[in-house]
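Examining the three-dimensional arrangement
Chain by chain, the residues:
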Amino acid sequence: MRANYRTAAVNRTGADGVSSVPGGLSVSVASPLGPDPDAAATNPEQLLALAWATCLNGTAQVIVAGAHRTAVRVEVELRPAAPGPGYEFHVHAHLSAEGRSLFETQEILDAAHARCPVSKLLRDAATTSVHAEEYVPD
């Protein structure tokens, strides 16, 4: 099957340095666990949160057809892996929809989570969850 879109990212410096998209975006990266984390740099946890929040909310907007505002907040925790070695992500997405009941918001979330490509990557992970919330204006 032919891809609708393709991209790539490159990292040659590890957790501290630069990650980039060839011919495009270049991002300073730093480990949040380093001895002196660079507050101006981003990290894999933040990039994962941005990717899922953007994808899940974009999908939710398609589902509600712009009739209501939606918002997605993604929280990423880095925890020691159980069992080890190393670490694992615990990722929680929270969706809210303006003017919708919690039940209706849950329906939107279920539909968006079923369609969003990032959700499809994460949904079977034991350390991933999604939650509907009441909408709170900015």
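So, here's what we can say about the structure.

**Notes on the nonpolar core**
Burial of nonpolar side chains together is a common tendency in soluble globular proteins. Core analysis: the largest hydrophobic core is formed by 21 residues, its most contacted members being Trp52, Leu56 and Val74. Within the residue set of this core, elements represented by two or more residues are helix H1 (44-64), strand S4 (70-80), strand S5 (87-97), helix H2 (102-115) and helix H3 (117-122).

**Some words on the pattern of salt bridges**
A complete count under the given rule lists three salt bridges for this structure. The shortest N-O distance in the salt bridge between Glu133 and Arg73 comes to 3.2 Å. You can see Glu133 sitting in strand S6 (residues 128-133) and its partner Arg73 sitting in strand S4, a full 60 residues away along the chain. On the accessibility criterion, Glu133 (25% relative accessible area) is partly exposed. One network of salt bridges, in which partners are shared, links Arg73, Glu75 and Glu133.

**So, H2**
The first and last C-alpha atoms of H2 sit 20 Å apart over 14 residues, in line with the 20 Å expected at 1.5 Å per residue. Among the residues of H2, Thr105, Ile108, Leu109, Ala112 and His113 are the ones counted as buried. Viewed along the axis of H2, the buried residues span an arc of 130 degrees, placing them on a single side of the element. Against the buried residues of H2 lie H1, S5, H3 and S6.

**Overview of a nonpolar patch on the surface**
A contiguous nonpolar patch, built from Leu33, Leu78, Tyr87 and Phe89 and spanning about 380 Å² of accessible area, is present on the exposed surface. Position of Leu78 relative to the elements: it lies in strand S4.

**Here's the deal with H1**
Taking 1.5 Å as the rise per residue, H1 with 21 residues should run 30 Å; its terminal C-alpha atoms sit 30 Å apart, in good agreement. Burial in H1 covers these residues: Glu45, Leu48, Ala49, Trp52, Ala53, Cys55, Leu56, Asn57, Thr59, Ala60 and Val64. One side-chain oxygen at the N-terminal end of H1 lies 3.0 Å from the backbone nitrogen of Glu45; it belongs to Asn43. Just downstream of H1 lies Ala65, where phi reads positive at about 55 degrees.

**Overview of the sheet that holds S6**
Taken together, three strands build an open sheet; the order of strands is S4-S5-S6 and the sheet is mixed. Lying at the two open borders of the sheet, with one neighbouring strand each, are S4 and S6. Neighbour-to-neighbour, the strand axes of the sheet open up by a mean angle of 20 degrees, direction not taken into account. In this structure, S5 lies alongside S6, joined through six bridges in parallel fashion.

**Quick word on the side chain of His113**
Looking at the secondary structure, you find His113 in helix H2. Of the residues examined, His113 reaches a relative accessible area of 14% and is grouped as buried. A distance of 2.8 Å separates a polar atom in the side chain of His113 from a polar atom in the side chain of Ser119. Setting aside residues up to four positions removed in sequence, His113 forms contacts with Trp52, Leu56, Ser119, Arg123 and Val130.

**Overview of unusual backbone geometry**
Going from Ala82 to Pro83, the amide bond is cis rather than trans, its omega being -5 degrees. Residue placement: Pro83 occurs in the loop between S4 and S5. Following Gly84, the chain continues into Pro85 via a peptide bond in cis, with omega recorded as 5 degrees. Mapping Pro85 onto the fold places it in the loop between S4 and S5.

Cut-off values and rules
- By convention here, each chain's residues receive numbers from 1 onward along its written sequence.
- Note on the predicted model: pLDDT of at least 70 is required for a residue's local features to be given, and 80 or more for side-chain atom pairs to be given and counted; whole-chain, interface and lining totals, by contrast, use all residues.
- By convention in this description, side-chain values take in all heavy atoms of the structure and omit both hydrogens and water.
- By nonpolar core is meant a set of buried Ala, Val, Leu, Ile, Met, Phe, Trp, Tyr and Cys residues that side-chain atoms within 4.5 Å join together.
- Categorising residues by exposure relies on relative accessible area from a 1.4 Å probe, with only protein chains included: less than 20% of the type maximum marks a residue as buried, more than 50% marks it as exposed, and the intermediate range marks it as partly exposed.
- The secondary structure listing takes helices from DSSP runs of H or I that are at least 4 residues long and strands from runs of E that are at least 2 residues long, numbered from the N terminus.
- Basic side-chain nitrogens of Lys or Arg form a salt bridge, by our definition, when they fall within 4 Å of a carboxyl oxygen of Asp or Glu.
- For a helix, the expected span equals 1.5 Å multiplied by the residue count minus one.
- This arc describes the spread of directions from the helix axis toward the C-beta atoms.
- Note on contacts: a residue pair is in contact if any heavy atoms of the two residues lie within 4.5 Å.
- Here the term patch refers to residues with relative accessible area over 30% and no salt bridge, with like charges joined within 9 Å and nonpolar side chains (Val, Leu, Ile, Met, Phe, Trp, Tyr) within 5 Å.
- In these tables, accessible area is a Shrake-Rupley quantity obtained with a 1.4 Å probe, and a residue counts as shielded only by the protein chains included in the view.
- Definition of a polar contact: a pair of N or O atoms within 3.5 Å, with one able to donate and the other able to accept a hydrogen when the atoms are protein atoms, and with sequence-neighbouring residues admitted only if both atoms are side-chain atoms.
- When DSSP finds two or more bridges between a pair of strands, those strands are recorded as paired.
- Lines fitted to C-alpha atoms define the axes here, with helix axes fitted over just the stretch in contact, and angles between the N-to-C directions of these axes take values from 0 to 180 degrees.

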